[in-house]
Amino acid sequence: KQAHEYLKMIGNKEVDLTQKWLWHRMPKSHPLLHYLAGFCQDHDFAIIDIETLGLSERPIILLGVAKPTKDHICTSQFLLRDIPDEPSAIWALISKIDPKLSLITYNGRSFDVPYIRQRLAYYGMNACLDNPNFDILHFTRRALKQKLSNCRLETVEKYLGVKRDINIPGALV
């Protein structure tokens, strides 16, 4: 019965259900989870990231989302002018994310998405952020843990030769 259900999900290219099914049975970095991205079209993704004032129950001060379109990548950033702006900034981000989009994050499955959910609950805002999430950190650890001292984004960028013109440490944001 389980094999039949799994094959049905695969046949229907149901990324969200297949991902949840696999998460219960395999490590978060298993290649099958990564291969699910092949079911998504180029415009079926949203890349999200947040910056906060701390690691737990502190306001989110910057939220960003990037979505590919046919010709370009549309990027939106929501920077708080003051702490009371947080609910509207979170809502602005949520409104940019269609429930059918798959999210691409870096440590977002463990940090960004739960943090956004926690802040939504804090403000009593009813919004769903249950999209499939391709958290690149898990795959990076699997592929590069033997080559790098750690898998912090800055370390991985340096290893890959990615250079930023401006890079402000999160603590200074």
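Rules behind the numbers
Residues numbered from 1 in each chain as written. Predicted model: local features only at pLDDT ≥ 70, side-chain atom pairs only at ≥ 80, totals over all residues. Heavy atoms only, no water. pLDDT = per-residue confidence, 0-100. Helix = DSSP H or I, 4+ residues; strand = E, 2+ residues; numbered from the N terminus. Pairing = 2+ DSSP bridges. Contact = heavy atoms within 4.5 Å. Axes fitted to C-alpha atoms, helices over the stretch in contact; angles between N-to-C directions. Parallel < 35°, antiparallel > 145°, perpendicular 65-115°, else oblique. Left-handed = near helix turned anticlockwise from the far one by under 90°. Nonpolar A, V, L, I, M, F, W, Y, C, P; charged D, E, K, R; others polar. Buried < 20%, exposed > 50% of the residue type's maximum accessible area, 1.4 Å probe, protein only. Core = buried A, V, L, I, M, F, W, Y, C linked by side-chain atoms within 4.5 Å.

**Observations regarding the confidence of the model for the protein chain**
Thinking step 1. Looking at the protein chain as a whole, its pLDDT mean stands at 89, while 97% of the residues score no less than 70.
Thinking step 2. When the elements of the protein chain are averaged for pLDDT, helix α3 (residues 31-35) gives the smallest value, 82, and helix α4 (residues 86-95) the largest, 97.

**Quick look at the pairing of strand β3 (residues 73-79)**
Thinking step 1. Bridge analysis of strand β2 (residues 60-68) against β3 gives 7 bridges, and the strand direction is antiparallel. Residue pairing across strands places Pro68 opposite Ile73, the latter belonging to β3.

**Describing the side chain of Thr52**
Thinking step 1. Note that Thr52 resides in strand β1 (residues 45-52).
Thinking step 2. Thr52 has contacts with Pro59, Ile60, Ile61, Phe111 and Tyr115, leaving out every residue within four places of it along the chain.

**Examining the packing of helix α1 (residues 2-11) against helix α2 (residues 15-23)**
Thinking step 1. The geometry of α1 relative to α2 is characterised by a closest axis approach of 9 Å and an angle of 140 degrees between their N-to-C directions. Taken together, the axes of α1 and α2 are oblique relative to one another. Relative to α2, α1 is oriented so that their crossing is left-handed. Residues Gln2, Tyr6, Met9 and Ile10 of α1 form the contact with α2, whose own contacting residues are Leu17, Thr18, Trp21 and Leu22.
Thinking step 2. A class-by-class count of the residues in the contact of α1 with α2 yields 6 nonpolar, 2 polar and no charged.

**Things to note about the sheet that holds β2**
Thinking step 1. Judged by pairing direction, the sheet is mixed, and its 5 strands sit side by side in the order β3-β2-β1-β4-β5 without closing on themselves. Strand pairing shows two members of the sheet lacking a second neighbour, β3 and β5 (133-135), which therefore form its edges. If you compare each strand with its neighbour and ignore which way they point, the axes differ by 20 degrees on average.

**Some points on unusual backbone geometry**
Thinking step 1. The phi angle at Lys13 is positive, at roughly 55 degrees, despite the residue not being glycine.
Thinking step 2. On the secondary structure map, Lys13 appears in the loop between α1 and α2.
Thinking step 3. Using a relative accessible area of 52% as the deciding quantity, one classes Lys13 as exposed.
Thinking step 4. The backbone of Asn107 shows a phi angle near 70 degrees, a positive value even though the residue is not glycine.

**Topic: the nonpolar core**
Thinking step 1. Counting 21 residues, the largest nonpolar core has Ile48, Leu63, Leu93 and Ile116 as its most contacted members.
Thinking step 2. Of all the elements in the fold, those that place two or more residues in this core are β1, β2, α4 and α5 (108-122).
Thinking step 3. Beyond its immediate chain neighbours, meaning those up to four positions away, Ile48 contacts Gly64, Val65, Leu93, Ile97, Leu103, Ile104, Thr105, Val113 and Ile116.
Thinking step 4. Of all hydrophobic cores here, the second largest spans 12 residues; its members include Tyr6, Met9, Leu22 and Trp23.

**Description of the packing of α4 against α5**
When two helices pack together, their arrangement is captured by the angle between the axes and the distance separating the axes.
Thinking step 1. Where α4 contacts α5, the axes come no closer than 11 Å and their chain directions differ by 125 degrees. The pairing of α4 with α5 is recorded here as oblique in orientation. Crossing of α4 against α5: the hand is left-handed. Of the residues in α5, those touching α4 at Glu86, Ile90, Leu93 and Ile94 are Ile116, Arg119 and Leu120.

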